[in-house]
Amino acid sequence: GAVVSQHPSWVICKSGTSVKIECRSLDFQATTMFWYRQFPKQSLMLMATSNEGSKATYEQGVEKDKFLINHASLTLSTLTVTSAHPEDSSFYICSARSGRGLSPLHFGNGTRLTVT
Amino acid sequence: AQSVSQHNHHVILSEAASLELGCNYSYGGTVNLFWYVQYPGQHLQLLLKYFSGDPLVKGIKGFEAEFIKSKFSFNLRKPSVQWSDTAEYFCAVTKGGSGNTGKLIFGQGTTLQVKP
(Lines give C-alpha, C1' and ligand atoms only; values in the text may rest on other atoms or scores of the structure.)
Protein backbone atom coordinates (compact mmCIF):
# COMPACT_ATOMS: atom_id res chain seq x y z
CA GLY A 1 0.00 0.00 0.00
CA ALA A 2 0.87 3.65 -0.14
CA VAL A 3 3.67 4.66 2.18
CA VAL A 4 4.53 8.00 3.68
CA SER A 5 7.97 8.30 5.21
CA GLN A 6 8.73 10.91 7.83
CA HIS A 7 12.25 11.80 8.92
CA PRO A 8 13.61 12.08 11.49
CA SER A 9 11.43 10.04 13.80
CA TRP A 10 12.99 11.62 16.85
CA VAL A 11 15.02 14.79 17.33
CA ILE A 12 16.34 16.79 20.24
CA CYS A 13 17.49 20.35 19.67
CA LYS A 14 18.56 23.30 21.74
CA SER A 15 16.34 26.30 22.26
CA GLY A 16 16.84 28.88 19.52
CA THR A 17 17.89 26.47 16.81
CA SER A 18 15.83 25.36 13.81
CA VAL A 19 14.72 21.85 12.96
CA LYS A 20 13.59 20.50 9.60
CA ILE A 21 11.22 17.56 9.32
CA GLU A 22 10.76 15.80 5.99
CA CYS A 23 7.67 14.03 4.73
CA ARG A 24 7.99 11.88 1.62
CA SER A 25 5.43 9.91 -0.33
CA LEU A 26 7.33 6.83 -1.46
CA ASP A 27 5.08 5.25 -4.05
CA PHE A 28 2.61 7.91 -5.11
CA GLN A 29 2.52 11.58 -6.02
CA ALA A 30 1.16 13.64 -3.17
CA THR A 31 -0.71 16.63 -4.50
CA THR A 32 -1.68 17.62 -0.99
CA MET A 33 0.07 17.15 2.31
CA PHE A 34 -1.20 18.00 5.77
CA TRP A 35 0.85 18.72 8.86
CA TYR A 36 -0.54 17.88 12.28
CA ARG A 37 0.69 18.41 15.79
CA GLN A 38 -0.20 16.13 18.66
CA PHE A 39 0.29 16.92 22.33
CA PRO A 40 0.36 14.07 24.86
CA LYS A 41 -3.08 12.59 25.46
CA GLN A 42 -4.62 15.06 23.04
CA SER A 43 -5.94 14.97 19.52
CA LEU A 44 -4.11 15.71 16.32
CA MET A 45 -4.40 19.40 15.56
CA LEU A 46 -4.15 20.42 11.94
CA MET A 47 -1.42 23.01 11.47
CA ALA A 48 -1.41 23.58 7.74
CA THR A 49 -2.29 22.24 4.34
CA SER A 50 0.29 22.31 1.59
CA ASN A 51 -0.30 21.83 -2.10
CA GLU A 52 2.62 21.16 -4.41
CA GLY A 53 4.00 24.32 -5.92
CA SER A 54 1.93 26.74 -3.89
CA LYS A 55 2.10 28.38 -0.49
CA ALA A 56 0.81 26.47 2.48
CA THR A 57 -2.50 27.37 4.04
CA TYR A 58 -2.16 27.69 7.80
CA GLU A 59 -4.85 27.08 10.37
CA GLN A 60 -5.87 29.87 12.67
CA GLY A 61 -3.40 30.37 15.50
CA VAL A 62 -0.47 28.70 13.73
CA GLU A 63 2.46 31.05 13.14
CA LYS A 64 3.52 30.69 9.53
CA ASP A 65 6.84 32.41 10.15
CA LYS A 66 7.67 29.92 12.85
CA PHE A 67 6.48 26.78 11.12
CA LEU A 68 7.80 27.04 7.57
CA ILE A 69 6.30 24.58 5.15
CA ASN A 70 7.72 23.86 1.72
CA HIS A 71 6.05 21.48 -0.73
CA ALA A 72 8.59 21.70 -3.52
CA SER A 73 7.78 18.47 -5.29
CA LEU A 74 5.00 15.92 -5.59
CA THR A 75 6.82 13.58 -3.23
CA LEU A 76 8.31 15.87 -0.61
CA SER A 77 7.07 18.38 1.91
CA THR A 78 9.17 19.84 4.71
CA LEU A 79 8.25 21.49 7.97
CA THR A 80 10.88 23.70 9.57
CA VAL A 81 10.42 24.76 13.15
CA THR A 82 12.39 27.98 13.38
CA SER A 83 13.94 29.32 16.57
CA ALA A 84 12.51 26.42 18.49
CA HIS A 85 11.46 26.82 22.11
CA PRO A 86 10.57 24.20 24.71
CA GLU A 87 6.86 24.83 24.14
CA ASP A 88 7.35 23.63 20.55
CA SER A 89 8.16 20.18 21.89
CA SER A 90 5.51 17.92 20.46
CA PHE A 91 4.74 15.10 18.09
CA TYR A 92 4.47 16.24 14.49
CA ILE A 93 2.69 14.08 11.93
CA CYS A 94 2.36 14.52 8.20
CA SER A 95 -0.20 12.99 5.92
CA ALA A 96 -0.51 12.92 2.17
CA ARG A 97 -3.04 12.19 -0.53
CA SER A 98 -2.67 11.69 -4.25
CA GLY A 99 -5.86 13.35 -5.38
CA ARG A 100 -8.50 15.57 -3.93
CA GLY A 101 -11.72 15.20 -2.08
CA LEU A 102 -12.25 11.58 -1.17
CA SER A 103 -8.78 10.27 -2.02
CA PRO A 104 -7.31 8.13 0.76
CA LEU A 105 -5.10 9.87 3.26
CA HIS A 106 -1.83 8.21 4.25
CA PHE A 107 0.03 9.08 7.44
CA GLY A 108 3.69 9.19 8.30
CA ASN A 109 5.00 7.70 11.54
CA GLY A 110 5.49 11.09 13.09
CA THR A 111 8.42 13.02 14.52
CA ARG A 112 8.97 13.49 18.22
CA LEU A 113 10.57 16.90 18.74
CA THR A 114 12.10 17.78 22.10
CA VAL A 115 13.49 21.26 22.58
CA THR A 116 15.79 21.69 25.56
CA ALA B 1 -16.16 25.60 13.67
CA GLN B 2 -16.24 21.85 13.37
CA SER B 3 -15.31 19.78 16.38
CA VAL B 4 -15.21 16.12 17.26
CA SER B 5 -15.74 14.73 20.72
CA GLN B 6 -14.81 11.26 21.91
CA HIS B 7 -16.40 10.51 25.24
CA ASN B 8 -14.19 7.71 26.41
CA HIS B 9 -10.57 8.62 27.02
CA HIS B 10 -9.35 5.31 28.36
CA VAL B 11 -11.18 2.03 28.08
CA ILE B 12 -10.05 -1.24 29.62
CA LEU B 13 -11.69 -4.47 28.52
CA SER B 14 -11.09 -8.16 28.82
CA GLU B 15 -10.72 -10.27 25.70
CA ALA B 16 -14.03 -11.26 24.11
CA ALA B 17 -15.83 -8.30 25.63
CA SER B 18 -17.86 -6.07 23.35
CA LEU B 19 -16.64 -2.60 22.50
CA GLU B 20 -18.39 0.65 21.77
CA LEU B 21 -16.51 3.93 21.50
CA GLY B 22 -18.53 7.11 21.30
CA CYS B 23 -17.94 9.87 18.77
CA ASN B 24 -19.98 13.02 18.26
CA TYR B 25 -19.30 15.85 15.87
CA SER B 26 -20.58 19.35 15.50
CA TYR B 27 -21.36 20.35 11.94
CA GLY B 28 -24.76 20.72 10.43
CA GLY B 29 -23.90 20.04 6.82
CA THR B 30 -22.81 16.99 4.87
CA VAL B 31 -19.93 15.18 6.50
CA ASN B 32 -17.52 12.37 5.81
CA LEU B 33 -16.64 10.37 8.91
CA PHE B 34 -13.66 8.23 9.74
CA TRP B 35 -12.22 6.04 12.43
CA TYR B 36 -8.45 5.65 12.58
CA VAL B 37 -6.39 3.34 14.73
CA GLN B 38 -2.84 3.81 15.92
CA TYR B 39 -1.12 0.71 17.23
CA PRO B 40 1.84 1.25 19.57
CA GLY B 41 4.80 2.55 17.62
CA GLN B 42 2.94 2.63 14.32
CA HIS B 43 1.33 5.22 12.11
CA LEU B 44 -2.35 6.01 11.90
CA GLN B 45 -4.33 3.53 9.85
CA LEU B 46 -7.85 3.82 8.50
CA LEU B 47 -10.33 1.43 10.13
CA LEU B 48 -13.44 2.50 8.27
CA LYS B 49 -15.14 5.49 6.71
CA TYR B 50 -18.58 6.78 5.88
CA PHE B 51 -19.29 8.99 2.90
CA SER B 52 -22.89 8.21 2.02
CA GLY B 53 -25.38 5.37 1.70
CA ASP B 54 -25.85 2.66 4.31
CA PRO B 55 -25.24 4.30 7.71
CA LEU B 56 -23.87 1.05 9.10
CA VAL B 57 -20.32 0.80 7.89
CA LYS B 58 -18.13 -2.26 8.18
CA GLY B 59 -14.38 -1.88 8.37
CA ILE B 60 -11.32 -4.01 8.79
CA LYS B 61 -10.65 -6.42 11.64
CA GLY B 62 -14.31 -6.85 12.52
CA PHE B 63 -14.98 -3.22 13.37
CA GLU B 64 -18.14 -1.40 12.38
CA ALA B 65 -19.60 2.02 12.97
CA GLU B 66 -23.06 3.49 12.70
CA PHE B 67 -23.78 6.99 11.48
CA ILE B 68 -26.81 8.45 13.22
CA LYS B 69 -27.40 11.81 11.62
CA SER B 70 -30.00 12.96 14.12
CA LYS B 71 -27.56 12.41 16.95
CA PHE B 72 -24.48 13.68 15.10
CA SER B 73 -22.82 10.46 16.14
CA PHE B 74 -20.55 7.86 14.58
CA ASN B 75 -19.88 5.27 17.25
CA LEU B 76 -17.38 2.49 16.73
CA ARG B 77 -18.24 -1.07 17.70
CA LYS B 78 -16.75 -4.51 17.80
CA PRO B 79 -18.62 -7.52 19.19
CA SER B 80 -15.59 -9.29 20.64
CA VAL B 81 -12.26 -7.57 21.18
CA GLN B 82 -8.87 -9.22 21.08
CA TRP B 83 -5.65 -8.39 22.89
CA SER B 84 -4.26 -7.20 19.52
CA ASP B 85 -6.91 -4.45 19.43
CA THR B 86 -4.99 -2.59 22.12
CA ALA B 87 -4.35 0.79 20.49
CA GLU B 88 -5.35 4.41 20.28
CA TYR B 89 -8.55 5.10 18.33
CA PHE B 90 -9.36 8.41 16.70
CA CYS B 91 -12.63 9.58 15.23
CA ALA B 92 -12.33 12.22 12.52
CA VAL B 93 -14.63 14.26 10.32
CA THR B 94 -14.32 16.34 7.22
CA LYS B 95 -16.88 18.37 5.37
CA GLY B 96 -18.56 16.39 2.65
CA GLY B 97 -19.85 17.23 -0.78
CA SER B 98 -18.63 20.34 -2.53
CA GLY B 99 -17.28 21.69 0.74
CA ASN B 100 -14.73 18.92 1.08
CA THR B 101 -11.23 20.31 1.49
CA GLY B 102 -9.76 17.06 2.71
CA LYS B 103 -8.92 18.57 6.08
CA LEU B 104 -9.59 16.11 8.85
CA ILE B 105 -10.70 17.27 12.26
CA PHE B 106 -9.82 14.69 14.89
CA GLY B 107 -11.30 13.79 18.22
CA GLN B 108 -9.02 13.58 21.23
CA GLY B 109 -8.61 9.86 20.91
CA THR B 110 -9.51 6.86 23.04
CA THR B 111 -6.92 4.51 24.46
CA LEU B 112 -8.18 0.95 24.41
CA GLN B 113 -6.42 -1.58 26.58
CA VAL B 114 -7.48 -5.20 26.17
CA LYS B 115 -6.42 -7.57 28.89
CA PRO B 116 -5.66 -11.15 27.83
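Residues numbered from 1 in each chain as written. Chains lettered and ligands numbered in written order. Predicted model: local features only at pLDDT ≥ 70, side-chain atom pairs only at ≥ 80, totals over all residues. Heavy atoms only, no water.

A few words now on the overall build of chain A. A tally of regular secondary structure across chain A gives zero helices and 11 strands. Computed over its C-alpha atoms, the radius of gyration of chain A comes to 13 Å, within 12% of the 13 Å expected for a compact globule of 116 residues. Looking at chain A residue by residue over its 116 residues, the buried ones come to 48%. The long-range share in chain A, meaning contacts at least 24 apart out of those at least 6 apart in sequence, stands at 55%. Summed over all atoms, the accessible surface of chain A reaches about 5,700 Å², with 52% contributed by carbon and sulfur. Counting 11 positive and 8 negative side-chain charges, chain A places the averaged centre of each group 2 Å from the other. (Helix = DSSP H or I, 4+ residues; strand = E, 2+ residues; numbered from the N terminus. Rg over C-alpha atoms; globule rule 2.2 N^0.38 Å. Buried < 20%, exposed > 50% of the residue type's maximum accessible area, 1.4 Å probe, protein only. Contact = heavy atoms within 4.5 Å. Areas by Shrake-Rupley, 256 points an atom, 1.4 Å probe, with all protein chains shown as cover. Lys, Arg positive; Asp, Glu negative; His and termini not counted. Charge placed at Lys NZ, Arg CZ, Asp CG, Glu CD.)

Another point: the pattern of salt bridges. Counted under the stated rule, the structure contains seven salt bridges over all chains. One salt bridge connects glutamate 59 of chain A with lysine 103 of chain B, and the closest N-O pair in it is separated by 3.0 Å. Separated into two different chains, glutamate 59 of chain A in the loop between strand 6 (57-58) and strand 7 (67-73) and lysine 103 of chain B in the loop between strand 10 (87-95) and strand 11 (105-106) make up a pair that spans both. A residue is classified by how much of its surface remains accessible, and lysine 103 of chain B, at 27% relative accessible area, is partly exposed. Between arginine 77 of chain B and glutamate 64 of chain B there is a salt bridge; the shortest N-O distance is 3.4 Å. (Salt bridge = Lys/Arg side-chain N within 4 Å of Asp/Glu carboxyl O.)

Residue and element names in this part refer to chain A. Spatially, the four strands line up as an open sheet ordered 1-3-8-7, and their pairing is antiparallel. Either end of the sheet is taken by a strand with one partner, and the two such strands are strand 1 (4-7) and strand 7. Within this sheet the neighbouring strands show an average axis-to-axis angle of 15°, counted without direction. As paired elements, strand 3 (residues 19-25) and strand 8 (residues 76-81) share six bridges and run antiparallel to each other. Considered in strand 8, the bridge of valine 19 is made with valine 81. (Pairing = 2+ DSSP bridges. Axes fitted to C-alpha atoms, helices over the stretch in contact; angles between N-to-C directions.)

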